[in-house]
Amino acid sequence: MTYANTNEKLYDDIALWERTDGRDLFLELPLKDKHAPKILDFGYGFGEQLFALTNAYPDAVIFGIDGSSVCQKEDRL
């Protein structure tokens, strides 16, 4: 099963969330190092949160781990 390009509007909406509301949500995290935190997303799915985190913290070191081969193939990183 593949999820690639199944709904272009949905992908556009997700990309917008990653740059706006998702970014703002993560900027509210009470992180010790707000400039360049180290973040682990365990079970990243399709990566929406990873991209929002990179928009919120461009100097962060962000790791994503997911055991699903479907998610690993679909990921946009």
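Position numbers for residues start from 1 in each chain and track the written sequence from start to end. Only residues with pLDDT of at least 70 are given local features in this predicted model, and only at 80 or more are side-chain atom pairs given and counted; all residues enter the totals for whole chains, interfaces and linings. With hydrogens and water excluded, all non-hydrogen atoms of the structure serve as input to the side-chain values.

**Q** Describe the environment of lysine 73, naming the residues involved and giving the relevant values.
**A** For the purposes of this entry, the term helix denotes a DSSP run of H or I that reaches at least four residues, the term strand denotes a run of E that reaches at least two, and both are numbered from the N terminus. Here lysine 73 is to be found in helix H4 (residues 69-74). When accessible area is computed with a 1.4 Å probe and restricted to protein chains, residues below 20% of their type maximum are described as buried, those above 50% as exposed, and intermediate ones as partly exposed. For lysine 73, a relative accessible area of 74% puts it in the exposed group. Sequence separation between lysine 73 and phenylalanine 46 is 27 residues; the distance between their C-alpha atoms is 9.2 Å.

**Q** Lay out a nonpolar patch on the surface with the relevant residues and their values.
**A** Residues qualify for a patch when their relative accessible area is over 30% and they have no salt bridge, like charges being joined within 9 Å and the nonpolar side chains of Val, Leu, Ile, Met, Phe, Trp and Tyr within 5 Å. Surface accessibility in these figures is a Shrake-Rupley result with a 1.4 Å probe; residues are shielded only by whichever protein chains are displayed. Here, a salt bridge means any side-chain nitrogen of Lys or Arg that lies within 4 Å of a carboxyl oxygen of Asp or Glu. A grouping of Leu40, Phe42, Val61, Phe63 and Ile65 is seen on the molecular surface, where their side chains present a nonpolar patch of about 520 Å² in accessible area. For the nonpolar patch, the secondary-structure elements that each account for two or more residues are strand S1 (38-42) and strand S2 (61-65). If one sorts the elements of the nonpolar patch by residue count, S2 sits on top with three residues. Secondary-structure assignment places phenylalanine 42 in strand S1.

**Q** Quick rundown of the side chain of aspartate 66? Include the residues and the values.
**A** On the secondary structure map, aspartate 66 appears in the loop between S2 and H4. Overall, aspartate 66 belongs to the buried group, its relative accessible area being 14%. A polar contact is formed between the side chain of aspartate 66 and the backbone nitrogen of tyrosine 44, at a distance of 3.1 Å. N or O atoms closer than or at 3.5 Å make up a polar contact, with two conditions inside protein: a donor-capable atom paired with an acceptor-capable one, and, for residues adjacent in sequence, both atoms drawn from side chains. Separated by 2.8 Å, the side chain of aspartate 66 and the backbone nitrogen of glycine 45 make a polar contact. In this analysis, two residues are considered to be in contact whenever any of their non-hydrogen atoms come within 4.5 Å of each other. Not counting the four nearest positions on each side in its chain, aspartate 66 is found in contact with Gly43, Tyr44, Gly45, Cys71 and Gln72.

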